[in-house]
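Examination of the molecular architecture
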Amino acid sequence: MSSRDARPVFLSRRKIRELPASTYFLDIANFCNEKLKQFNFYAEHPTLHSRLKSLTFEELAKNPEIEAREIYDYLKWDIPSNLHKWIQNNTKETSGLLK
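Residues numbered from 1 in each chain as written. Predicted model: local features only at pLDDT ≥ 70, side-chain atom pairs only at ≥ 80, totals over all residues. Heavy atoms only, no water.

A word on the overall build of the chain
Of regular secondary structure, the chain possesses 5 helices and 2 strands. Sequence-ordered secondary structure for the chain, helices as α and strands as β, is β-α-α-β-α-α-α. With 99 residues in all, the chain has 14% of them scored as buried. Look at the contacts in the chain between residues 6 or more apart in sequence, and 37% of them connect residues 24 or more apart. Total accessible area on the chain stands at roughly 8000 Å², and carbon and sulfur atoms take up 57% of it. (Helix = DSSP H or I, 4+ residues; strand = E, 2+ residues; numbered from the N terminus. Buried < 20%, exposed > 50% of the residue type's maximum accessible area, 1.4 Å probe, protein only. Contact = heavy atoms within 4.5 Å. Areas by Shrake-Rupley, 256 points an atom, 1.4 Å probe, with all protein chains shown as cover.)

Here's the deal with the packing of aromatic side chains
Tallying each qualifying case throughout the model produces 1 aromatic pair. When the centroid spacing of 6.2 Å and the interplanar angle of 65° are considered together, the rings of Tyr 72 and Trp 77 count as edge-to-face. (Phe/Tyr/Trp six-rings, centres within 6.5 Å; stacked < 30°, edge-to-face > 60°.)

Some details on helix 4 (residues 64-75)
Because an α-helix packs 3.6 residues into every turn, residues spaced three or four apart end up facing the same way. When the terminal C-alpha atoms of helix 4 are compared, their 16 Å separation across 12 residues agrees well with the 16 Å that a helix rising 1.5 Å per residue should span. Those residues of helix 4 that sit buried are Pro 64, Glu 67 and Ala 68. Down the axis of helix 4, the sector holding all buried residues measures 100°, keeping them to one side. Where helix 4 is buried, its residues meet strand 2 (55-56), helix 3 (57-62) and helix 5 (83-90). Remark: Lys 76 follows helix 4 within two positions and exhibits a positive phi of approximately 60°. (Expected span 1.5 Å × (residues − 1). Arc of directions from axis to C-beta.)

Re the pattern of salt bridges
What the rule picks out here adds up to 2 salt bridges. Linking Glu 34 and Lys 37 is a salt bridge whose minimum nitrogen-to-oxygen distance equals 3.3 Å. Here Lys 37 and Glu 34 lie together in helix 2 (residues 24-44), a separation of 3 residues that amounts to about one turn. Given the relative accessible area of 41%, Glu 34 is considered partly exposed. Linking Lys 53 and Glu 70 is a salt bridge whose minimum nitrogen-to-oxygen distance equals 3.6 Å. Pair noted here: Lys 53 is in the loop between helix 2 and strand 2 and Glu 70 is in helix 4, with a separation of 17 residues, a long-range link. With a relative accessible area of 36%, Glu 70 lands in the partly exposed category. (Salt bridge = Lys/Arg side-chain N within 4 Å of Asp/Glu carboxyl O.)

In structure tokens, the structure reads:
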């Protein structure tokens, strides 16, 4: 289960013109409703907690390699040999928020 504040998600999508401005508030409301459904499902089914890994976008953005390793460990999957290089090539700090 992952969570992320919907506002930056939709601001980013609007910035790259993936979403028209006219649907912004409707789309963000739908996104929030889906996240609320996920949260409620999680809260209502404590027996599943040991089978679900909770992760916030901020955790993943701040420590992509550590979080990726934890995800692979959680799934009991081998870490691909090219994961470190892929993370280095595809995760760049673009603001001072991740320092």
